[in-house]
Amino acid sequence: MTPFLTSDRWYDIRDLGNLSSAILEALDKVLPFEVVYILAAVIGFVASFLLFVLPSQLFVGVYGERRLIGRMQSRLGPNRVGPFGLLQPIADAIKLIQKEALTPTQADRAVMYVAPILFVMPAVLLWAVIPFGEHMVIADIPVSLMYFLAVSSLPVIATFMAGWSANNKYSLFGAMRIVSMVISYESPLVLTLLGAVVLTGTISLSGMVAWADEFNIWVVFVQPLALVIYFICVSAELNRTPVDIAEAESEIVAGYLTEYSGMKWGLFYGMDIGYALAASGFITTVFLGGWTFFGLEAWIPGWLIFIAKTYLIYFLFIWTRGTLPRLRADQLMAFAWKFLLPLGVFNLLIVSTERMLWFEQDYAKGLVYVFAAVNIALSAVLVYVWARFNGYRPERTPTRPRLVKQAGGYIPVGERS
Amino acid sequence: MSGVIKSEPFVINIGPQHPSTHGVFRIKATVDGEKVIDAEMVMGYLHRSMEKLAEERTYTQNIPFTDRTDYLSSMSNNLGYCLAVEKLAGIEVPPRGNAIRVIMAELQRLASHCMAVGAFANDTGAWQTPVMWAFREREKILDIFEVTSGARLTCNYMRIGGVAFDLRPEFEPMVRRVLRDFPPFIDEMEGLLSGNEIFIARTKGVGVLTPEMATNASLSGPMLRGSGIAWDIRKADPYCGYEQYDFDIPIGYNGDSYDRFIVRLEEMRQSVRIIQQALDGLPGGPFRTEVPLALRPPKGEAYARIESPRGELGYYLVSDEGPSPYRFHIRPPSFINLSALKEMTVGGTVADAIVVLGSIDIVVGEIDR
Amino acid sequence: MTRELTGSEAAALAEALVPGSVDRTTETACYLKPDRLVETLRALRDDPEANLVHLTNLCGVDYWDHFEVVYHIQSFEKNHLACFKVEAWDREKPEVPSVTPVFHGAWMQECEAYDLFGIQFAGHPNLYRILLWEGYPGWPLRKDFLAMPGGLQPGLGEFAGVARRQEPPVKVIE
């Protein structure tokens, strides 16, 4: 059966890259090369950012998250502004713009103003290398994974500036916490990505998607542990709730955001969602096969598949946020160094061995499925054993108190009454 | 290297306006990095001088004041005060009045523990979900209070010699609904939090109170029971006919924040049992003894206490045969439970201090009175 | 049921441990001598027979000419509750010894009694105004706090048919 749409024509909506390529090819004949190059970037930016990222931030990030968390908490969530409350994010934005952007008198004004702007820029830049479809990528550079890692490490500087400049003790707490946390979590994060890189043999995001397409298996099936570790690490870097110690609401008020108000705060809030979305897109691309879906992309536009997967990962972020309590700062560091990092090293060891075996078998296609089965089992065993080794003993914690019939004095543990 | 990195302690004010102090309460914490090395409590922001005001009003007029001390468990506070006046004046309460009081006090315990458990989970960082679930259940109980007494929070329902009104016909089905819904809700909370590894890591071993310290620091309620001391006024000194009901005292293992949490959850289960028994055996007859409006108890003093959701709630009354109490003293459980706060917080981190404060379950209206 | 010890029973317990500590007894309470208070309560706490380990309630009462501090102390194992009292007769500077060294839980309640009655607790590690602010004029729970030169008195007594209380003449505080 042949796909009902012929490929590589400008009207093929399965890949909008075809359309822009057609326009650019037409323009290339009349305009100089440099102008066309810039035009391509502008078209890509407009298409990805204004048509996908910004609406996603507003309607999935702000509205959808509040709505979903509301359902998890047995309440309604925003439902008043517009149909189903859909215009709530816009109303919020208007309110934030109207509000006064306060600066404390003792604060470092310049740094405090620059920090939100610095925080926004990487969130926009991240989308440059994420492929929405086969040709739908703004800059298909061969080292796009490195680029993504480098750019996604930048916002911590902005958050540290924000916490330092406000001259508030809670802000300082938040700033110091986020710096120590990012330092701890950067190493397991990169180690697990190294597993995916060793497996696929490329550091280009498009190359990783092509690998998934070629072998008809997603990286996550061969590298399940890597996805889990990466998800935890990226939650920590993004300050999502189970590990949001930098703005821990119940402890240090709002952390580095304590003294921010108005749109300065709004930029931080909005771009937190932007980073989470970008991380979801990145996970989709590296681990979930990007815009491919085992041949389904021949029928459904690939960018729709990509968006669906991205929202699915984002839903995981929302879910953990609505469920889990927060770890303490020192426990979080211990978790990174004692648990995630060794597991990442183990994972890398396993995947390197497999890669070598695979190379000796001349990249036999069926072998990947064997690796997947082995790795899934091995990951489960590894996580359990390492957790026990690290002192995880669920049976030692009684979740029900002792019951006594008669009032009296102290009853030592182990004594029956 | 030019030298060692120096650090010096600094003071942070946790409160009076802070998301986790549950009101206008302040801890002046001296911290070295994240570690708390000294903690000082500052309170009194909500002081309304109730003990003085009560000396100006008749015994019956004082009942609304007791609503406003511990505003999360007004029924229990009404009950404690009425018991003290009855003890002072030698008034007997009819059986139906006693049974209604028991049902109301236990419903109030459920509502108050809902708040305590939810807010405690919120303090550990479980963002709003447990507290919203708890509020969903608490709402049903507040509806019962509204039907019965006309108010949801400050009920003012107990009277000297009984209760203010008889039960309405809607009352029983509503309570049965709560009894049906509550055990699954407690299991749900247990599934969400009790076995959660992060929750255990945050609360286990945090704010440990040895039984000796808990006794010496005059603690009461779940704080005392969490440390393994089987002490419950309902068992030890039964009032309102608690001796007729079959229930157990939950006690913890080593007196940390986690034990206080599971003790509260289990107490909710026991409360459901008590309400079930009281509702099944609800006697008929009068619900109140007629008491003169300007009651003048004989000269003397009385100390009556009940097991409020937060601990031992005592009222010490001195009468000089006047129409108003000569001395009206409240023994507020959450105020006295704070005596050990410094011992529990010092040595931990700021995050631990918040967890400890949440596990004490303070109500600032009661601390400051 | 918790056995509430009568004054004489409590006095017998106290006398057996610290002879000469009891001042007098009433039906409900046992008055201790202030200078023997700490010693007596410590002995009662440590004695296995009395076992009065839990200081439940501590409060002050103003009786116009003197102050009383009331201690309700209970035992978990014996399940009894005793009421002890001490008196302070100096109205200008009432002072009783602090029991904080014996019962840690007394420190906040003693602060409260100091805050609202102005009773000095000698030996208290950190006596400060816990509910009101430093420099608050007067001691609010004293009976003469509201007394004005015009004769306004605390208490009701104005009800029809109710005789006015027989109270000592009001002292005006500056």
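Note that this is a predicted model, so its numbers are computed, not measured. (Residues numbered from 1 in each chain as written. Chains lettered and ligands numbered in written order. Predicted model: local features only at pLDDT ≥ 70, side-chain atom pairs only at ≥ 80, totals over all residues. Heavy atoms only, no water.)

J.: Please provide a residue-by-residue account of the pairing of strand β4 (residues 54-62) of chain C, values included.
T.: All names here are of chain C. When you tally the buried positions in β4, you get nine out of nine residues, the bulk of the element. Sheet topology places β4 next to strand β5 (residues 67-75); eight bridges connect them, and they run antiparallel. Opposite Asn-57, over in β5, you have His-72 as the bridge partner. Two successive antiparallel strands, β4 and β5, enclose a turn made up of four residues, where Trp-64 displays a positive phi of approximately 65 degrees. (Buried < 20%, exposed > 50% of the residue type's maximum accessible area, 1.4 Å probe, protein only. Helix = DSSP H or I, 4+ residues; strand = E, 2+ residues; numbered from the N terminus. Pairing = 2+ DSSP bridges.)

J.: Tell me about the packing of aromatic side chains, and name the residues and values.
T.: Per the counting criterion, the structure on display carries 42 aromatic pairs over all chains. Summarising the aromatic geometry, the rings of Phe-119 of chain A and Tyr-275 of chain A are spaced 5.2 Å apart at their centres and angled 70 degrees between planes, so their arrangement reads as edge-to-face. Of this pair, Phe-119 of chain A sits in helix α4 (residues 109-125) while Tyr-275 of chain A sits in helix α12 (residues 262-287), and the two are 156 residues apart along the sequence. An identical accessibility class is assigned to Phe-119 of chain A and Tyr-275 of chain A; each is buried. An aromatic cluster of at least three residues, connected via ring pairs, comprises Phe-119, Tyr-256, Tyr-260, Phe-268 and Tyr-275 of chain A. Stacked on the ring of Phe-135 of chain B, the Lys or Arg Arg-138 of chain B has its end atom at 5.4 Å from the ring centre. Lying over the aromatic face of Phe-247 of chain B, Lys-235 of chain B brings its terminal NZ or CZ to 4.5 Å of the ring centre. (Phe/Tyr/Trp six-rings, centres within 6.5 Å; stacked < 30°, edge-to-face > 60°. Lys NZ or Arg CZ within 6 Å of the ring centre and 35° of its normal.)

J.: I'd like a rundown of the interface of chain C and chain B, residues and numbers included.
T.: Between chain C and chain B, the residue contacts involve 54 residues of the former and 45 residues of the latter. Contact with chain B buries surface across chain C, with Phe-76, Met-108 and Leu-131 of chain C losing the most and accounting together for 15% of the total. At the surface where chain C touches chain B, the tally comes to three salt bridges. Sorting the residues of the side of chain C that touches chain B by element identifies β4, β5, β6 (80-88) and α3 (106-117) of chain C as the ones contributing at least two each. It is β4 of chain C that contributes the most residues to the side of chain C that touches chain B, nine residues altogether. Taken together, the residues of the side of chain C that touches chain B sort by class into 31 nonpolar, 15 polar and eight charged. (Contact = heavy atoms within 4.5 Å. Buried area = accessible area lost by both parts, 1.4 Å probe. Salt bridge = Lys/Arg side-chain N within 4 Å of Asp/Glu carboxyl O. Nonpolar A, V, L, I, M, F, W, Y, C, P; charged D, E, K, R; others polar.)

J.: Tell me about the environment of Val-175 of chain B, and name the residues and values.
T.: All names here are of chain B. Checked against the element boundaries, Val-175 lands in helix α6 (residues 171-194). C-alpha of Val-175 to C-alpha of Ile-141: the two residues are 34 residues apart in sequence and 7.9 Å apart in space. Dropping the residues within four chain positions of it, Val-175 is found in contact with Leu-107, Ile-144, Ile-275 and Leu-279.

J.: I'd love a proper account of the interface of chain A and chain B, names of residues and values included.
T.: Across the boundary between the two partners, chain A contributes 41 residues, which contact 67 residues of chain B. Of the roughly 4600 Å² buried where chain A meets chain B, counting both sides, 57% is carbon and sulfur surface. Remark: the boundary between chain A and chain B carries five salt bridges. A salt bridge links Glu-34 of chain B to Arg-177 of chain A, with the nearest nitrogen and oxygen atoms 2.5 Å apart. Run the count over chain A and chain B and you get 19 residue pairs in polar contact (both at pLDDT 80 or more). (Polar contact = N/O pair within 3.5 Å; in protein donor to acceptor, adjacent residues only side chain to side chain.)

J.: Break down empty space enclosed by the protein for me, citing the residues and quoting the values.
T.: All names here are of chain A. One pass over the structure, following the stated rule, counts four cavities of 30 Å³ or more. Roughly 260 Å³ of volume is contained in the largest cavity. Together, 21 residues line the largest cavity, and Ser-152, Pro-155, Glu-237, Leu-238 and Tyr-275 are the ones closest to its centre. Every element with two or more residues in the lining of the largest cavity is listed here: α5 (144-152), α6 (155-165), α7 (169-200), α10 (224-238) and α12. When its residues are assigned to classes, the lining of the largest cavity shows 15 nonpolar, four polar and two charged. (1 Å grid on protein atoms, 1.4 Å probe; cavity = no way out; pocket = protein on both sides within 12 Å on 5 of 7 lines; lining within 4 Å. Points joined across faces, edges and corners; volume = space filled by probe spheres on them.)

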